[in-house]
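In case you want the letters, here they are:
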Amino acid sequence: MSSSLKSFQLAKFMRLLHSYSSMLVLVLLLFFAITGITLNHPDALHSTAGQLSSQQVLSLPAHLRYSSLPQSEQQQAQIAEQFRHWLSDKHQVKAAVFSYLFEPDDMLLELDFKRPAGYATAIVDFSNHTAELELEFNGYLALLNDLHKGRNAGTSWIVLIDITALACIIFSLTGFWLILKQPSRRSIGNSLAMLGIFISLFAYILSLH
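Anyway, here's the lowdown on the structure attached to this text. Worth saying up front: this structure is predicted, and the values here are computed from it rather than measured.

**Comments concerning the environment of Asp 125**
- By the element assignment, Asp 125 lies in strand S4 (residues 118–125).
- Distance in space between the C-alpha atoms of Asp 125 and Ala 193 is 62 Å, their sequence separation being 68 residues.
- Dropping the residues within four chain positions of it, Asp 125 is found in contact with Leu 60, Met 107, Leu 108 and Thr 130.
- Looking at Asp 125, its side chain comes within polar contact range of the main-chain nitrogen of Ser 127, at 3.0 Å.

Printed below as a string of structure tokens:
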């Protein structure tokens, strides 16, 4: 295979990789670009739309009424999971990050659900067979901003952010390679790349003063 044919095939592959990587992250790149602006101007773009806060006292179902609490961590974890499923199925309390704290002597269990732009906590009082549930949602703008940061968004969203970043890296490097292989555009491309580096450094130096 001649070197010119190899170069042609490589250039074709790079163009395909550049095009498809950009299409793969098109919507996500727009999402992260827009939420980058909202994160950078929190005061100017503050919104209370969709904010929600509520408290309620729930009666425990019969199968969750314990007269005594176990001391072993394994048994406590099983009980906490039972309450997690109950709150998720019956009261739509869902979150990617979940933790709990038992206080056997006081017959209490605290459940903590963390999610983007909000949280839910439940204080279970086994003595009174009740659970005090508190829900907090900080609005849709806060939701978008937290998704941008991956805050309490769960493993699947973190993986999606990593995939988006990887696709952007491929998109950038293949675009740079394609410019270098076009003599008529190489000088302008190099100049713009250097200008971008200079602007970044200049902005950082200005931020220190």
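That was the structure; now back to the text.
**Things to note about the pairing of S4**
- Burial analysis of S4 places 6 of its 8 residues in the buried class, which makes it a mostly covered element.
- Where strand S3 (residues 108–115) hands over to S4, the hairpin turn is made up of 2 residues, of which Ala 117 adopts a positive phi near 70°.
- Two elements, S4 and strand S5 (residues 130–137), share 8 bridges in a ladder whose sense is antiparallel. For Thr 121, the partnering residue across the bridge sits in S5 and is Glu 134.
- The loop that links S4 with its antiparallel partner S5 comprises 4 residues; one of these, His 129, has a positive phi angle of about 60°.

**Quick word on a nonpolar patch on the surface**
- A surface patch of nonpolar side chains, about 730 Å² in accessible area, is lined by Ile 188, Leu 192, Leu 195, Phe 198, Ile 199, Phe 202 and Leu 206.
- With respect to the secondary-structure elements, Leu 206 resides in helix H6 (residues 183–207).
- Residue classification places Leu 206 among the partly exposed positions, given a relative accessible area of 49%.

**So, the sheet that holds strand S1 (residues 52–59)**
- If you walk across this open sheet you meet the 5 strands as S1-S5-S4-S3-S2, and the pairing is antiparallel. Each edge of the open sheet is held by one strand with a lone partner, namely S1 and strand S2 (97–103). Across the sheet, the mean angle from the axis of one strand to that of its neighbour is 10°, orientation sign disregarded.
- Against the sheet, helix H3 (residues 73–91) engages S1, S2, S3, S4 and S5, with an angle of about 125° to S2.

**Examining H3**
- With 19 residues, H3 extends 26 Å from end C-alpha to end C-alpha; this agrees with the ideal 27 Å at 1.5 Å per step.
- Of all the positions in H3, only Gln 76, Ile 79, Ala 80, Phe 83, Trp 86, Leu 87 and Ser 88 are classed as buried.
- After H3 finishes, the residue Gln 92 shows a positive phi value of roughly 55°.

Conventions adopted
Residues numbered from 1 in each chain as written. Predicted model: local features only at pLDDT ≥ 70, side-chain atom pairs only at ≥ 80, totals over all residues. Heavy atoms only, no water. Helix = DSSP H or I, 4+ residues; strand = E, 2+ residues; numbered from the N terminus. Contact = heavy atoms within 4.5 Å. Polar contact = N/O pair within 3.5 Å; in protein donor to acceptor, adjacent residues only side chain to side chain. Buried < 20%, exposed > 50% of the residue type's maximum accessible area, 1.4 Å probe, protein only. Pairing = 2+ DSSP bridges. Patch = residues over 30% accessible without salt bridge, like charges linked within 9 Å, V, L, I, M, F, W, Y side chains within 5 Å. Areas by Shrake-Rupley, 256 points an atom, 1.4 Å probe, with all protein chains shown as cover. Salt bridge = Lys/Arg side-chain N within 4 Å of Asp/Glu carboxyl O. Axes fitted to C-alpha atoms, helices over the stretch in contact; angles between N-to-C directions. Expected span 1.5 Å × (residues − 1).

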